[in-house]
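Topology and contacts: notes
Below, each chain spelled out in residue letters.
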Amino acid sequence: MYKVRQLNPMESMLGLPSPVSFSIWWNGGSILGLLLGIQILTGLFLSMHYTADMVNTFNSVIHIVRDTPGGWLFRNIHANGASLFFVFLYMHIGRGLYYQSYISQPRTWMVGVTIYFVSMGVAFVGYVLPWGQMSFWGATVITNLISAIPYIGHSAVEWVWGGFSVGQSTLNRFFSLHFILPFVIGALSGLHILFLHEKGSTNPLGETSHVSKIPFHPYFTWKDIVGFIVVLSLFVLLGFFYPTILGDPENFNHASSMVTPVHIQPEWYFLFAYAILRCIPNKLGGVVALVSSIAVLYLLPFGSSGKVVPASFTPPYQLLYWMLISVFIMLTWLGACPIEEPYITLAVPMTVVYFSLFLLLVSVPTFWVKFIGSPSN
């Protein structure tokens, strides 16, 4: 009698049946895993020399860059790695939207959106840690939004601050969160992969069946390695040649509660939500719109028809998708513009179009299946 040999987790992962039609857009997940590992590793070394003290924090960052052996490299990699992480995160979400992964893999999608939320929290508290001018005032403006919550808002914002303004307690709390939350992202990523492997990866046609599939290794491991080389090349380009291109010049000044920057803005990956926030005159309405601009991704699996209609066979869906990408880029640009006309007025219709396109994205495939039929029919 023959005994079936149990495969270990590594053998199961390498032998995972994967669609033969995987394109380069399926490299995003592995690249994000690499970037998360790099961020955790570099952050660990930076924390050994960082001082979470309002008086010495800014100088400790200068000490890391100027005096610590290799500190400038770890600092450049960590600072620019956050931007690269969001570049590939947005590409990964965009791929999921285009190929309707929220229909074929709803649980995987929901965990992925949660990772997006937590990542934005990690990036926000991390941006405060250098204690530059933009860090301090960005923290002041964004945390003040909590005061818009009815009844408990003012008490909640003072609890977050640990006092009556952004100060030492706030810095300590943000440093602790910035250190812990990446490990939460790692745990969520493991759950994300678990749900993905439970049903199997999709392909450009939205199928999850095991027809026309090949082992993940060696076919797709080599493709992932090529993606890793591209990402590491970007790190070399940014870390050695353009280390400050994605930063704000205002953040090279020590934080001062007595001097307000002329134009306060968050990092570029928050700008689309920031533009939506500031175009709404009501504070509570702006906060609701800000959260909804990301939380709307949670609603996509519930508004769909439950059947994937490949974008390749749905020209209206392709048009709406690229309109959404264009509006996202436009809102990002508007978020970086001064708070004056015509930028504020222009952001209002862009916000309406942004939310409307999400509604249309889930409606068009349903309409297509109902009145035109599935491509497989």
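Residues numbered from 1 in each chain as written. Predicted model: local features only at pLDDT ≥ 70, side-chain atom pairs only at ≥ 80, totals over all residues. Heavy atoms only, no water.

**Looking at the packing of aromatic side chains**
Put simply, the rule reads: Each Phe, Tyr or Trp ring (for Trp, its six-membered ring) is paired with any other whose centre lies within 6.5 Å, and the angle between the two planes then decides the class: stacked below 30 degrees, edge-to-face above 60, tilted in between. Counting from the N terminus, the helices are DSSP H or I runs at least four residues long and the strands are E runs at least two residues long. Summary of the burial criterion: residues with accessible area below 20% of their type's maximum are buried, those above 50% are exposed, and those between are partly exposed, where the area comes from a 1.4 Å probe applied to protein chains only. Think of it as a cone above the ring: NZ of Lys or CZ of Arg counts as a charge over the ring if it is within 6 Å of the ring centre and within 35 degrees of the ring normal.
Across all of its chains, the model carries 28 aromatic pairs by this definition. Judged by centre distance (4.2 Å) and plane angle (10 degrees), the rings of Phe86 and Tyr269 are stacked. Here Phe86 is found in helix α4 (residues 71-98), whereas its partner Tyr269 is found in the loop between α10 (219-241) and α11 (271-278), with 183 residues between them in sequence. Just as Phe86 is buried, Tyr269 falls in that class too. Judged by centre distance (5.5 Å) and plane angle (80 degrees), the rings of Trp131 and Phe136 are edge-to-face. Taken as a pair, Trp131 and Phe136 share a single burial class, namely buried. One aromatic cluster is present, formed by Phe85, Phe86, Tyr90, Tyr116, Trp268, Tyr269, Phe270, Phe272, Phe328, Tyr354, Phe355 and Phe358 through successive ring pairs. We note Arg95 situated over the ring of Trp26; from NZ or CZ to the ring centre the distance is 4.6 Å. Over the aromatic face of Trp159 sits the side chain of Arg173, whose NZ or CZ is 6.0 Å from the ring centroid.

**Let's talk about the nonpolar core**
As a reminder, the rule being used: The term nonpolar core refers to a set of buried residues drawn from Ala, Val, Leu, Ile, Met, Phe, Trp, Tyr and Cys, joined through side-chain atoms within 4.5 Å. Domain start and end points were adopted from an automatic or database domain assignment. Here, residues are in contact when the closest pair of their heavy atoms is within 4.5 Å.
Core analysis: the biggest nonpolar cluster contains 87 residues, and Phe86, Leu97, Tyr116 and Leu331 have the highest contact counts within it. Among the elements that line this core, the one with the most residues is helix α6 (residues 106-128), at 13 residues. Both of domain 1 (16-252) and domain 2 (265-376) provide at least three residues apiece to this core. Not counting chain neighbours up to four residues away, the residues in contact with Tyr116 comprise Phe86, Leu89, Tyr90, Ile93, Phe272, Ile294 and Leu297. Judged by nonpolar contacts, the second largest core, of six residues, contains Leu145, Tyr274, Leu277 and Val287.

**A closer look at α4**
So the rule is basically this: To estimate the expected span of a helix, count its residues, drop one, and scale the result by 1.5 Å. Fitting axes to the seven residues ending at a residue and to the seven starting there, one defines the bend at that residue as the angle between these axes.
For α4, spanning 28 residues, the distance from its first C-alpha to its last is 40 Å, which sits close to the expected 40 Å at 1.5 Å a residue. Along α4, the largest kink reaches about 30 degrees and is centred on Gly81. For α4, the tally of buried residues reaches 21 of 28 residues, placing the bulk of the element in the interior. One or two residues past the end of α4 sits Gln100, with phi positive at roughly 55 degrees.

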